[in-house]
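These are the residues of each chain, in order.
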Amino acid sequence: MSAAPGRSQASSHRSPRGEGTPVNAHAVSRLRTARLAVSSKPYVARGSGLGRCPCCRLVASHCICALRPQVPTRAGVCLIMGDIEALKPSNTGWLIADVVADTWAFGWARTAVDPALLALLADPQWQPYVVFPGDYVEPGRVLTALPPAEDQEAGQGGKRPLFILLDGTWSEARKMFRKSPYLDRLPVLSLHPEQVSNYRLRRSTHEHHFCTSEVAALCFELAGEQRAADTLAAWLDVFTDHYLSIRQQLPLDWASEPHQRLQALAMTAR
Ligand SMILES: [Zn+2]
């Protein structure tokens, strides 16, 4: 397996000082550190004075690191992130990198591209798909399904799907899509309305926009990796429970439905 510099090296170990970047931090955590290093002024996130855990970004009383699931997957994820996306404590690309070891993260710039990103896209073990709404793309490039898993093993040289997620605001994502020539030759995976509404029904989600980790969950579902999809969804829900409990100063229920679902998924993995 290739090990491009952006690859997630998942671990919950902390640095000896108990602060800053965790040792063996995953791809999004390392991108955050790199982005902070080039900041001309310090980025002050909401609640940053609360003493957040560097691994899960939550305050110590709400740390979820001990619950963190990891799922072996065939598919991988390549996050291309808007300027300050990796700095936001609510960014959910981070949660994908928690769960899926084969996650890469790159910062996007209009005038430059990380050679490691180009190397990843050219790596013959992967079949990259840009995940983007098909309405904005010429129809010849658009897929709404992936080849069945067996076909993927036998055909296409047995390539593994690599989902390229443009992680930022909608206007950033559109800009990334239009102004990244290295994406132009790649097929576009468009999540189709039926799949999206099924997912919403199961999760009682009514928001118009999916967050990045929900998009990743849908992609893994399309790739036939249901356990990864369910685990990403449960991990997002547990994170959201804890995040909102801090923000709204609500009591935290460690036995809430998402906690139980996450635990059940971990049990079936054994
Ligand atoms: Zn933590």
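Values in this document were obtained by computation on a predicted structure and should not be read as measured data.

**Student:** How should the pairing of strand E2 (residues 103–107) be read in this particular structure?
**Tutor:** In the case of a regular strand, side chains alternate between the two sheet surfaces. Buried residues dominate E2, accounting for 5 of its 5 residues. Neither face of E2 is exposed, since Thr 103, Ala 105 and Gly 107 on one face and Trp 104 and Phe 106 on the opposite face are all buried. The sheet contact formed by strand E1 (residues 76–81) and E2 spans 5 bridges and is parallel. Pairing of Val 77 across the sheet is with Thr 103, part of E2.

**Student:** Which parts of the structure should I look at to understand the environment of Asp 123?
**Tutor:** Checked against the element boundaries, Asp 123 lands in the loop between helix H3 (115–122) and strand E3 (126–131). A count of 16 C-beta atoms within 10 Å places Asp 123 in the partly exposed class. Taking the C-alpha atoms as reference points, Asp 123 and Lys 159, 36 residues apart in sequence, are found 9.8 Å from one another.

**Student:** Quick question: what am I supposed to make of the nonpolar core here?
**Tutor:** Looking at soluble globular proteins, one finds that nonpolar side chains tend to be buried together. Counting residues in each nonpolar core, the largest one holds 59 residues, and the members touching the most others are Ala 105, Val 131, Phe 163, Ala 216, Cys 219 and Leu 232. Among the elements that make up this core, the one with the highest residue count is helix H8 (residues 226–247) (9 residues). Those residues in contact with Cys 219 that sit more than four places away from it in its chain are Val 131, Phe 163 and Leu 189.

**Student:** What is the right way to look at H8 in this model?
**Tutor:** Along an α-helix, a turn takes 3.6 residues, which lines up residues three or four apart on a common side. Spanning 22 residues, H8 covers 31 Å between terminal C-alpha atoms, matching the ideal 32 Å at 1.5 Å per step. Within H8 the residues assigned to the buried category are Ala 228, Ala 229, Asp 230, Thr 231, Leu 232, Ala 233, Ala 234, Trp 235, Leu 236, Val 238, Phe 239 and His 242. Following H8 by one or two positions, Gln 249 has its phi on the positive side, about 50°.

**Student:** Teacher, can you tell me more about the sheet that holds strand E4 (residues 142–143) here?
**Tutor:** Pairing between the strands of a sheet comes from backbone hydrogen bonds, and it takes one of two forms, parallel or antiparallel. The 6 strands lie next to each other as E2-E1-E5-E3-E6-E4, forming an open sheet whose pairing is parallel. A single partner strand is all that each edge strand has here, and the edge strands are E2 and E4. Across 6 bridges, E3 lies against strand E5 (residues 160–167) in parallel orientation. In the strand pairing of E5, Val 130 is matched with Ile 164. Its contacts with the sheet place helix H1 (residues 27–37) against E1 and E2, and it is angled at close to 20° to E2.

Cut-off values and rules
- Residues numbered from 1 in each chain as written.
- Predicted model: local features only at pLDDT ≥ 70, side-chain atom pairs only at ≥ 80, totals over all residues.
- Buried ≥ 20, exposed ≤ 12 C-beta atoms within 10 Å, placed from the backbone.
- Helix = DSSP H or I, 4+ residues; strand = E, 2+ residues; numbered from the N terminus.
- Pairing = 2+ DSSP bridges.
- Core = buried A, V, L, I, M, F, W, Y, C linked by C-beta atoms within 7 Å.
- Contact = placed C-beta atoms within 7 Å.
- Expected span 1.5 Å × (residues − 1).
- Axes fitted to C-alpha atoms, helices over the stretch in contact; angles between N-to-C directions.

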